[in-house]
Amino acid sequence: MLVRLIYASRARETITHETIEGILAASRQRNPQQGITGVLCYSDTIFVQVLEGGRDQVNRLYGRLLGDARHQDVILLAYESIDERQYSSWTMGKIRLDKINRSLLLKYSVTGELNPYEVSCCSTVALLNELASTAAFAQRD
């Protein structure tokens, strides 16, 4: 059974380029063995991540992420069974959310900044879907 899990968290420290590259390197090393695909979205202080794959594998990874010292205030935004993956060719894509077009963020939020703690999970999911459909994600390997 395939599932898609989307969560958000606040970073305990300012998110640096090195932090993101470390997360992506680990994801790209481990995810193919587990059959997990997805995308990591981030700003200076917030992570939003989409994980797709087998139910057991995605839930195990999410359990590890809950204990990751880089995250706090982890919140589950969406979890669903899926018929097909949206990010099937990406072991882990990425996008820096504070670098995308502000008008796109305004479409889904009050302030033009992504804050999944202040908008509905449907708004966050819709934003991610639009970003995926416009090929806004980087490093799809």
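Reading the values: the criteria
Residues numbered from 1 in each chain as written. Predicted model: local features only at pLDDT ≥ 70, side-chain atom pairs only at ≥ 80, totals over all residues. Heavy atoms only, no water. Helix = DSSP H or I, 4+ residues; strand = E, 2+ residues; numbered from the N terminus. Buried < 20%, exposed > 50% of the residue type's maximum accessible area, 1.4 Å probe, protein only. Areas by Shrake-Rupley, 256 points an atom, 1.4 Å probe, with all protein chains shown as cover. UniProt positions renumbered as here; feature names shortened; annotations may be inferred. Pairing = 2+ DSSP bridges. Axes fitted to C-alpha atoms, helices over the stretch in contact; angles between N-to-C directions. Contact = heavy atoms within 4.5 Å. Core = buried A, V, L, I, M, F, W, Y, C linked by side-chain atoms within 4.5 Å. Phe/Tyr/Trp six-rings, centres within 6.5 Å; stacked < 30°, edge-to-face > 60°. Lys NZ or Arg CZ within 6 Å of the ring centre and 35° of its normal. Expected span 1.5 Å × (residues − 1). Arc of directions from axis to C-beta.

Draft legend 1. Representation of the overall build of the chain. Looking only at helices and strands, the chain has 4 helices and 5 strands in total. Secondary structure elements in the chain, listed N-terminal to C-terminal, are β-α-β-β-α-β-β-α-α. Overall size of the chain, expressed as C-alpha extent along the three principal axes, is 40 × 35 × 25 Å. Each of the 141 residues in the chain was classed as buried or not, and the buried ones make up 45%. Summed over its atoms, the accessible surface of the chain is roughly 7300 Å², and 47% of this surface lies on carbon and sulfur atoms.

Draft legend 2. Looking closely at the UniProt feature "domain: BLUF" (unreviewed entry) in the chain. The UniProt record marks residues 2-93 with the feature "domain: BLUF" (unreviewed entry), using the residue numbering of this structure. End C-alpha atoms of residues 2-93 are separated by 19 Å, and the span's content is 33% helix alongside 41% strand.

Draft legend 3. Highlighting the sheet that holds strand β4 (residues 71-82). Pairing is mixed in the open sheet, where 5 strands are placed in the order β4-β1-β3-β2-β5. Across the chains shown, the open sheet's two edge strands, defined by having one partner strand only, are β4 and β5 (93-96). Neighbouring strand axes in the sheet, compared pairwise and without regard to direction, differ in orientation by 15° on average. Contacting β1 (2-11), β3 (46-54) and β4, helix α2 (residues 55-66) runs over the sheet at an angle of about 155° to β3.

Draft legend 4. Main features of the nonpolar core. Counting residues in each nonpolar core, the largest one holds 22 residues, and the members touching the most others are Val48, Ile100 and Leu127. Of all elements in the fold, only β1, β2 (37-42), β3, β4, α3 (102-108) and α4 (121-133) reach the threshold of two or more residues within this core. For this core, the leading source of residues is α4, giving 4 residues.

Draft legend 5. The arrangement of the packing of aromatic side chains in detail. On inspection of all chains with the given rule, the structure shows 1 aromatic pair. Measuring from centroid to centroid gives 5.8 Å for Tyr7 and Tyr62, while their planes differ by 55°, and the two rings are tilted. Of this pair, Tyr7 sits in strand β1 while Tyr62 sits in helix α2, and the two are 55 residues apart along the sequence. Residue class for Tyr7 comes out buried when judged on its relative accessible area of 1%. Here Tyr62 falls in the buried class, since its relative accessible area comes to 12%. The ring of Tyr117 is capped by Arg10, whose NZ or CZ atom sits 3.7 Å from the centre of that ring.

Draft legend 6. Just unusual backbone geometry, in detail. Despite not being glycine, Asp73 has its phi angle at roughly 55°, a positive value. You can see Asp73 is positioned in strand β4. Residue Asp73 is classed as partly exposed on the basis of its relative accessible area of 45%.

Draft legend 7. Spotlight on α4. The first and last C-alpha atoms of α4 sit 18 Å apart over 13 residues, in line with the 18 Å expected at 1.5 Å per residue. Taken residue by residue, α4 has Thr124, Leu127, Leu128, Leu131 and Ala132 as its buried positions. The arc that holds every buried residue of α4, seen down its axis, measures 135°, which confines them to one face. Residues of α4 that are exposed and point over 90 degrees away from its buried face: Cys122 and Ser133. Each element contacted by the buried residues of α4 is listed here: β1, β2, β3, β4, β5 and α3.

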